[in-house]
Amino acid sequence: MAQEDNNAGAENGSSKVVTFSSAKPQLFVEAPKANDAVVFYKAAFGAEEVNRVMYPKRKAEQDLPLLRSAELKIGSSSILVSDLTDDSSAPVKSVGTGLVFCLETEEVEAAVAQAVKAGAVAEGEVAEGEGACYGDRVGKLKDPYGIVWLICSPAKCADVEA
């Protein structure tokens, strides 16, 4: 949902600036595994499902219904999880790479253990944070769908120049 801000925009010659109320990353997993991914994210990260949209009825030889999108709330953020189909209207044509999610919690070790119990694979031990705004401790996981997750203690960032 975009909102217009009439008080800015002079720099680009526009009289209105569009601002956004949120960003919702959409994860595409190999069909028909999106429902399994939703179950995993609920178990691993305590996600709450707030909405689900299924694809229309499929061909007879394809018995499993596909998930167009499930909106999951993790903390105060939302993500969308979808089955990747060969439908020409799909916004992507392959399962994503180069994507990393960072979840913040004071209970890094417990969160990593919970995700591993649900089926994630820990990549190394919980370590001291390094880099852009990581907290004191960081654990790295890969979920069963190939997505990398960093479990971090809350960041204590200094001002960062863009």
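Residues numbered from 1 in each chain as written. Predicted model: local features only at pLDDT ≥ 70, side-chain atom pairs only at ≥ 80, totals over all residues. Heavy atoms only, no water.

## Side note on unusual backbone geometry
- That bond from Ala31 to Pro32 is cis: its omega, 5°, falls within 30 degrees of zero.
- Tracing the backbone shows Pro32 in the loop between β3 (26-30) and α1 (34-45). (Helix = DSSP H or I, 4+ residues; strand = E, 2+ residues; numbered from the N terminus.)

## With respect to the confidence of the model for the protein
- Looking at the protein, pLDDT values average 80 and 70% of them are 70 or higher.
- Within the model, the stretch residues 158-162 combines pLDDT values under 50 with one contact to residues more than four positions away or in other chains. (pLDDT = per-residue confidence, 0-100. Contact = heavy atoms within 4.5 Å.)

## Notes on the pairing of strand β10 (residues 137-142)
- Where strand β8 (residues 121-122) meets β10, two bridges bridge the pair, whose relative direction is antiparallel. The residue of β10 that forms the bridge with Val121 is Lys142.
- As paired elements, strand β9 (residues 127-128) and β10 share two bridges and run antiparallel to each other. Following the sheet pairing, Ala127 is matched in β10 by Val138. (Pairing = 2+ DSSP bridges.)

## Looking at the nonpolar core
- Ranked by size, the top nonpolar core spans 28 residues in total, and within it Tyr41, Phe45, Val81 and Trp149 carry the most contacts.
- Listed by contribution, the elements that provide at least two residues to this core are β3, α1, β5 (67-74), β6 (77-84), β7 (100-104), α2 (108-118) and β11 (148-152).
- The contacts of Phe45, once residues within four sequence positions are left out, are Phe40, Ile74, Leu103, Gln114, Ala115, Leu141, Trp149 and Ile151. (Core = buried A, V, L, I, M, F, W, Y, C linked by side-chain atoms within 4.5 Å. Buried < 20%, exposed > 50% of the residue type's maximum accessible area, 1.4 Å probe, protein only.)

## Looking at the pairing of β6
- Across the eight residues that make up β6, a large majority, seven, are buried.
- Judged from the five bridges that link them, β3 and β6 form a sheet pairing that is parallel. Each residue of the ladder has a partner; that of Gln26, found in β6, is Leu80.
- The pairing of β5 with β6 spans five bridges and is antiparallel.

## Here's the deal with the pattern of salt bridges
- This structure, assessed with the given rule, holds five salt bridges.
- A salt bridge links Glu123 to Lys140; the shortest N-O distance between them is 3.5 Å. Of this pair, Glu123 sits in the loop between β8 and β9 while Lys140 sits in strand β10, placing them 17 residues apart in sequence.
- By relative accessible area, which is 32% here, Glu123 ends up partly exposed.
- Accessibility expressed as a relative area gives 36% for Lys140, which makes it partly exposed.
- Where salt bridges share partners, they join Lys42, Glu49 and Arg52 into one cluster. (Salt bridge = Lys/Arg side-chain N within 4 Å of Asp/Glu carboxyl O.)

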